[in-house]
Amino acid sequence: MKKFNIRKVLDGLKEASSSSSSSSAISSSNPLVQVGPQENHLVQEQLQSEHFQLCKTVRHGFPYQPSSMAFDPVQKILAIGTQSGALRLFGRPGVECYCQHESGAAVIQLQFLINEGALVSALADDTVHLWNLRQKRPAILHSLKFSRERITFCHLPFQSKWLYIGTERGNIHIVNVESFMLSGYVIMWNKAIELSSKAHPGPVVHISDNPMDEGKLIIGFESGIVVLWDLKSKKADYRYTYDEAIHSVAWHHEGKQFVCSHSDGTLTIWNVRGQGKPIQTITPHGKQPKDGKKPEPCKPILKVEYKTTRIGEPFIILSGGLSYDTAGRRPCLTVMHGKSTAVLEMDYPIVDFLTLCETPYPNDFQEPYAVVVLLEKDLVVIDLAQNGYPIFENPYPLTIHESPVTCCEYFADCPVDLIPALYSVGSRQKRQGYSKKEWPISGGNWGQGTQSYPEIIITGHADGTVKFWDASAIMLQVLYKLKTAKVFDRSRSKEDKGSAEASDEDPFAIQLMAWCAESRMLCVAGVSANIIVYRFSKLEVTTEVVQLLEVRMQYELNDIESPEGGVGEHTSAHPNLGASPSGPSSHPNTSSNNSDGSNTPCLKVRSTPLKQSAGYQVDLVVQLVWVSGEPPQQITSLALNSSYGLVVFGNINGVAVVDYIQKTVVLNLGTLELYGSNDPYQRQPRSPRRSRQPSGGLCDINEGSATSEDRCKSPTSVLMPNSNLQQFYNGGGRGAKMSRKLSLPTELKPDLVLLSVCPPRGANPLDHRDNSFSRSRSSSVTSIDKEAKEAVLSFQFCDSYTRKGDGASAPCLFVGTSQGTVLALALTLPPPGEQRQLQPVILSTTGMLIRLKGSILRLAFLDAAGSVLPPSYDPWFEPNISADGEEREKRSRPRSFRCPARRASTSTVSRRPPSFYVPTWSR
């Protein structure tokens, strides 16, 4: 590393200042002399703007607000358009591409040029685009805009160069696909209907050619008129009239019959040469009345498809058409095959559906084998070849938003054996009811890409699930799914519902996650102020009793009245904190050990034995409880260290440290007690107020009453030596004399740098959690209120130095708060082995280190080379297999650091875009 001489910099600054002053004097005396800007040769900046680049690689998840769909039966590629103009292409698992129309208009229809690597998209702004899919990144080749008419429907016949575009006025224009220019051929609405109706037939809702004759075009108008148009003679051969509006038309492969779906929930089957009445009228979901009366009206059938098989009855597949008396029934897809009718309920409204067939030729037996159903929030593929019509297991990462994602974590440079381990336990999870066939959308392929390091993304969801995703390749692949709600009792009585008022909508939602990839320890914090510690195991176990720690974190800031009735001598504000561990001997209960009987958790841990399959198994549950009618504050920060065996979490009330090895609370302090005697805010006493009513989310600091015994008793009196505790309260703690202007890089160690991430001025990272926690600078809010609401936002475990003069590093915990303060806690850990299981862990405060402007969002340590130093860790071992003392002691030793940032920066990642055009099919 090049040495940096501060003297040369100072000398250079003096020369630059003197030269600039002399040049300014010359320019003032002689205005004709112009002095140009001088280049600074003193400090050469090595980092340039071109060294930093942000580029889009891939977009995961389900397409937002889908509007249309198309499928290439030869290339087996699926295209989905959205209301925001986005275009998603799906092939075989791993083949996925995202494109975007610049206009942002909704995609109303998509048409593949089958087996040609091209796609036509029609947008709501009356533009038509031709996409080229043969190149590495799909791009638009041609565009055509209609200015006087609005596009309603498009049709591109198989192996044809003519694109038919129907409009809202009822006219049909023909576009040459090769040149993408309008031809002079236009089918006018008045020429099509002639004497069949004197009124306007409405917009064009359907266009298709006769499977046996490309020169015959069937046109469906919204009013209910269907016209068979002869392209050569430029006139209508037949006209078909029905009283109800038409939504879609489907051909029989022989070209002699077609079926129409109507707005009254009926299907009409017509002979091409019979113009009078339909040969058959079907109401799939309507009751057939007696005495020849008309069936009762049903909801519109939005789409129908008519597919034939070589052996057996044809398939009639439709969406909609339910009777109006089925209120509250979910959307359905109906499959009519011979005399059987199957109604398949969907979780979301149906946007569109397509039937996948063995042949792309419309004049042959289609032999349908699957149905692709596009829902508002899901993509479902139904197997038509198996009894019961099971669905295919979706291999795409579309289920990432199956439940809303509430938090997300990214990990690079993971251990090599971690992804196979997660995949092995994830593959054992039961997946019943799926089709046994392979995923039918199997087009495209990826180029040979090399990935230099494994990547994992962990997502927490609103329903309490945690999903592990393999992000090493282009497309996410789900590895393992964990359901945290299994730990809690879902059956809540009427009396218990009030206790979950703070998180009634999503009581199991995941809020924060901490994960150690080396030890495979996982810690999850929920929105109901609960924390779950998981261990990874490859063996299935049954836990008789889930161990629970109930923690009281309720802050009170009161003054002490003198005997004369006035305000007496001010003492340090003590938080009303405590811990109530529940060991294996007695089942964890929610009964209060406080005299007021108000210790009630937001969620109850289940009382029955818990069968835990291979994977992440619950080891400990920490639950914050209600105190004096006040709900617990939501957890704002969380950290885990497998080498120390500690979990630390904090909120607006303070910080708590839990030893998950001994299942005890090691430390439970209020935010003010972290400062010791070096409190920079000099908070003044104020009169006590009554307890507020319970409120959801992050609440204000509780001013509720507390017993004198609880107010005077220290929460750490049983965890710290009395001498150290007394020294702390007397202002003589380890950090009592530390200056708040201490500079870590210069006075601690030159090769250890503390890096903190702060938001811009005025930004409040907790505003999204609760409006009550607002760092308003208004004069109406007193400084006492602002200073009291100091939340703990970040943690960092590290072997570092906590005070000046330390000759060796020691385990430490650094705490960052919303007031821009970084504090340090010194850890005293027992020796590894059996003593670690018996002797307590001691934490002592060392005072404030740094004060910055803005909340401390993240903390990290850098070495002399600028690389991030991750905390020490323990390697993973199977927790359900007993090991001898020597091996366990060996495993409990901290391991060396691994720097994922440095390794990721020096590696090259090759990610190739997909190739959608693979001409491997021919008739």
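The preceding data block contains the structure.
All values derive from a computational prediction rather than experimental measurement.

**Notes on the packing of aromatic side chains**
- For the coordinates displayed, the defined rule picks out 17 aromatic pairs.
- Considering the side-chain rings of Y240 and W270, the 5.8 Å spacing of their centres and the 65 degrees angle between planes classify their relative orientation as edge-to-face. A residue pair is termed long-range when its members are at least 10 positions apart, and Y240 in strand 16 (residues 235-241) and W270 in strand 19 (residues 267-271) qualify at 30 residues. Residues Y240 and W270 agree in their burial class; the two are buried.
- Centre to centre, the rings of F411 and W515 are 4.9 Å apart; their planes meet at 80 degrees, and the pair counts as edge-to-face. A residue pair is termed long-range when its members are at least 10 positions apart, and F411 in strand 28 (residues 405-412) and W515 in strand 33 (residues 510-516) qualify at 104 residues. Per residue, the accessibility class of F411 equals that of W515, and both read buried.
- Following the ring pairs from residue to residue traces out a cluster consisting of F411, F468, Y480, W515, F536, Y616 and W876.

**Examining the sheet that holds strand 1 (residues 66-72)**
- Reading across from one edge, 1-2-3-4 is the order of the four strands in this open sheet, with antiparallel pairing throughout. Two strands close off the open sheet at either side, each with one partner strand: strand 1 and strand 4 (96-100). The mean inter-strand angle of the sheet, taken between neighbouring strand axes irrespective of direction, is 15 degrees.
- In this sheet, strand 4 lies alongside strand 3 (residues 86-90) in antiparallel orientation, the contact comprising five bridges. Its bridge partner being in strand 4, L89 is matched across the sheet by C97.

**Some remarks on the sheet that holds strand 15 (residues 225-230)**
- Taken together, four strands build an open sheet; the order of strands is 13-14-15-16 and the sheet is antiparallel. Two strands lie at the open edges of the sheet, namely strand 13 (204-210) and strand 16, each paired on one side alone. This sheet shows a mean twist of 20 degrees between the axes of neighbouring strands, independent of strand direction.
- Two strands pair when backbone bridges link them, and strand 15 and strand 16 are joined in this way by six bridges, in the antiparallel orientation. When the bridges of strand 16 are listed, W229 appears paired with A236.

**Here's the deal with unusual backbone geometry**
- Positive phi, normally seen in glycine, also occurs at F180, with a value near 55 degrees.
- Within the secondary structure layout, F180 lies in the loop between strand 11 (172-176) and strand 12 (181-187).
- Its identity as a non-glycine residue notwithstanding, D413 has a phi of 60 degrees, on the positive side.
- Within the secondary structure, D413 is located in the loop between strand 28 and helix 3 (418-427).
- What makes D413 buried here is its relative accessible area of 7%.

**Examining the environment of Q280**
- Summarising the element assignment, Q280 is placed in strand 20 (residues 280-282).
- The exposure class of Q280 is partly exposed, given its relative accessible area of 41%.
- In sequence terms Q280 and T268 are twelve residues apart; their C-alpha atoms lie 5.8 Å from each other.

What counts, and at which threshold
Residues numbered from 1 in each chain as written. Predicted model: local features only at pLDDT ≥ 70, side-chain atom pairs only at ≥ 80, totals over all residues. Heavy atoms only, no water. Phe/Tyr/Trp six-rings, centres within 6.5 Å; stacked < 30°, edge-to-face > 60°. Helix = DSSP H or I, 4+ residues; strand = E, 2+ residues; numbered from the N terminus. Buried < 20%, exposed > 50% of the residue type's maximum accessible area, 1.4 Å probe, protein only. Pairing = 2+ DSSP bridges. Axes fitted to C-alpha atoms, helices over the stretch in contact; angles between N-to-C directions.

As far as function goes, none of this settles anything; it's purely spatial.
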